[in-house]
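Listed here are the chains, written in short residue letters.
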Amino acid sequence: MKDVFQLKDLEKIAPKEKGIISQSVKEVTQSLVDDGLIDTDKIGTSVYFWAFPSKAVNNRKRKLEDLKKQIDEAKKKLKSLNEAVTKAQIGREDTEHRTKLLKEVNLAEKEKEELKGEIQKYKDSDPEVLEGLKKQTEMAKEATNRWTDNIFSIKSWCKKKFFIEESVLNKQFCIPEELDYVE
């Protein structure tokens, strides 16, 4: 149809001609507007809806042109990729010399992986790793002595403040009698 309708007109026509429930006409119409299949405009206090065949034809033509452009671009890309493959294959023909070199490369890569595995076995003897362990050990030793010093300070304070013997304090807080600084 090449007419313009208001929503109340559509609510009367749609149930009779298309079998749409009158309560859902507004939802269906809004869905068609959202999809761009029909147009709408508010003029004054009334809202009008329409869908002319020429618009649908123009939309299809535009879509067809876009698809043709995409096909042309894909063909150009395919042609350039085929040319690149052809250029890349030059000098890579299967010859005895090339096959021999590829085998050598594969053997060299396998040997490289084996050597990496061998290096991992001896990583514990690496001078840099050992130096790092020495530094970590030194830091741990300093931290241990710092905490030992803190324990001695707290014990001294508790003995002076509460007049407690050191052996009782050690027993009460599970502090070993042989606690001393790490050398």
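Quick notes on the rules
Residues numbered from 1 in each chain as written. Predicted model: local features only at pLDDT ≥ 70, side-chain atom pairs only at ≥ 80, totals over all residues. Heavy atoms only, no water. Pairing = 2+ DSSP bridges. Helix = DSSP H or I, 4+ residues; strand = E, 2+ residues; numbered from the N terminus. Buried < 20%, exposed > 50% of the residue type's maximum accessible area, 1.4 Å probe, protein only. Contact = heavy atoms within 4.5 Å. Salt bridge = Lys/Arg side-chain N within 4 Å of Asp/Glu carboxyl O.

> I would appreciate a short explanation of the pairing of strand β2 (residues 39–43) in the present structure.
Working note: regular strand, side chains alternate between the two faces of the sheet. Of the pairings in the sheet, the one linking β2 to strand β3 (residues 46–50) comprises five bridges and is antiparallel in character. Bridge pairing in β3 links K42 to V47. Between β2 and β3, which pair antiparallel in sequence order, lie two residues; one of them, G44, sits at a positive phi of approximately 70°.

> Even after reading the chapter, I still don't get the environment of I164, so can you show me in this structure?
Residue placement: I164 occurs in the loop between α5 (127–162) and α6 (166–172). Since its relative accessible area comes to 30%, I164 is described here as partly exposed. Look past the residues within four positions of I164 in its chain and what remains in contact with it is C158, K159 and L169.

> Would you mind showing me how to read the side chain of N145 here?
Here N145 is to be found in helix α5. Once residues within four sequence positions are removed from consideration, N145 is found in contact with Y181 and V182.

> Looking at this structure, how should I read unusual backbone geometry?
Trans peptide bonds make up the majority, and among non-glycine residues the majority have a negative phi. Even without being glycine, F163 reaches a positive phi, approximately 55°. For F163, the position within the fold is in the loop between α5 and α6. With a phi angle near 55°, C174 is a residue other than glycine that sits in the positive phi range. Of note, C174 is situated in the segment after α6.

> Just to check I follow, could you spell out the pattern of salt bridges for this structure?
A pair can form between side chains of opposite charge whenever their charged atoms are brought close. Applying the stated criterion to the full structure yields three salt bridges. Where E166 meets K159, a salt bridge forms, and the shortest distance between an N and an O atom there is 3.1 Å. Residue classification places E166 among the partly exposed positions, given a relative accessible area of 35%. For K159, a relative accessible area of 30% translates into the label partly exposed. One network of salt bridges, with partners in common, ties together K155, K159 and E166.

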